[in-house]
Amino acid sequence: MSKVDLSDIYRDYIACLNRQDWSLLGQFVDDDVCHNGRRIGLSGYREMLEGDFRDIPDLHFNIELLIADATYVASRLTFDCSSKEKFLGLVSMESASALPRTCSMNSGTARSCRSGR
């Protein structure tokens, strides 16, 4: 049996998001996923992502930093995109200028992310 490399799985997850390949999302996200401490399930997670891509047509997740061991993944994601209108209470500007996010996952189950500067 080959060793599972969580960094490869995480890169595949980010690629799935960037392709908006929602049919594969369940390979990376648990059916009972929580986001920001609230259980939203896989369908709610997908709806949230679909809304994000609808509101931010040029959304693209860029891995700035990725650290993984046998059971945990931590990453820093950056974005350089603009929303069509207000997003998360912020007025749209020409660019969100590479806003960083720090994300963590445990054993393949998506967890919440928090903004960072």
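Residues numbered from 1 in each chain as written. Predicted model: local features only at pLDDT ≥ 70, side-chain atom pairs only at ≥ 80, totals over all residues. Heavy atoms only, no water.

1. Topic: the overall build of the chain
- Assigned secondary structure in the chain consists of two helices and six strands.
- Listing each helix as α and each strand as β along the chain from the N terminus yields α-β-β-α-β-β-β-β.
- When burial is assessed residue by residue, the chain has 33% of its 117 residues classed as buried.
- Within the chain, contacts between residues separated by at least 24 positions form 47% of all contacts whose residues are at least 6 apart in sequence.
- Summed over all atoms, the accessible surface of the chain reaches about 7,600 Å², with 49% contributed by carbon and sulfur. (Helix = DSSP H or I, 4+ residues; strand = E, 2+ residues; numbered from the N terminus. Buried < 20%, exposed > 50% of the residue type's maximum accessible area, 1.4 Å probe, protein only. Contact = heavy atoms within 4.5 Å. Areas by Shrake-Rupley, 256 points an atom, 1.4 Å probe, with all protein chains shown as cover.)

2. A short note on helix H2 (residues 41-55)
- Relative to the 21 Å expected for 15 residues at 1.5 Å per residue, H2 spans 21 Å between its end C-alpha atoms, a close match to the ideal helical length.
- Every buried residue of H2 is accounted for by Gly41, Gly44, Tyr45, Leu49, Gly51, Asp52 and Phe53. (Expected span 1.5 Å × (residues − 1).)

3. Things to note about the confidence of the model for the chain
- Taken over all residues, the pLDDT of the chain has a mean of 79, while the share at 70 or more is 69%.
- Looking across the chain, the model is least confident in strand E6 (residues 109-115), with a mean pLDDT of 43, and most confident in helix H1 (residues 6-19), with 96.
- When the criterion is pLDDT under 50, residues 95-117 qualifies, and its contacts beyond four places in sequence or with other chains add up to 69 contacts. (pLDDT = per-residue confidence, 0-100.)

4. Quick look at the pairing of strand E4 (residues 72-79)
- When strand E3 (residues 62-68) meets E4, the two strands line up antiparallel, connected through six bridges. Bridge assignment links Asn62 to a residue of E4, and that residue is Thr78.
- Hairpin connection between E3 and E4: a loop of three residues separates the two successive antiparallel strands. (Pairing = 2+ DSSP bridges.)

5. Looking at the pattern of salt bridges
- For the structure shown, the criterion picks out four salt bridges.
- The partner of Arg19 in a salt bridge is Asp21, with the nearest N and O atoms 3.7 Å apart.
- We note a salt bridge from Glu64 to Arg76, for which the minimum N-O separation is 3.3 Å. A residue pair is termed long-range when its members are at least 10 positions apart, and Glu64 in strand E3 and Arg76 in strand E4 qualify at 12 residues. (Salt bridge = Lys/Arg side-chain N within 4 Å of Asp/Glu carboxyl O.)

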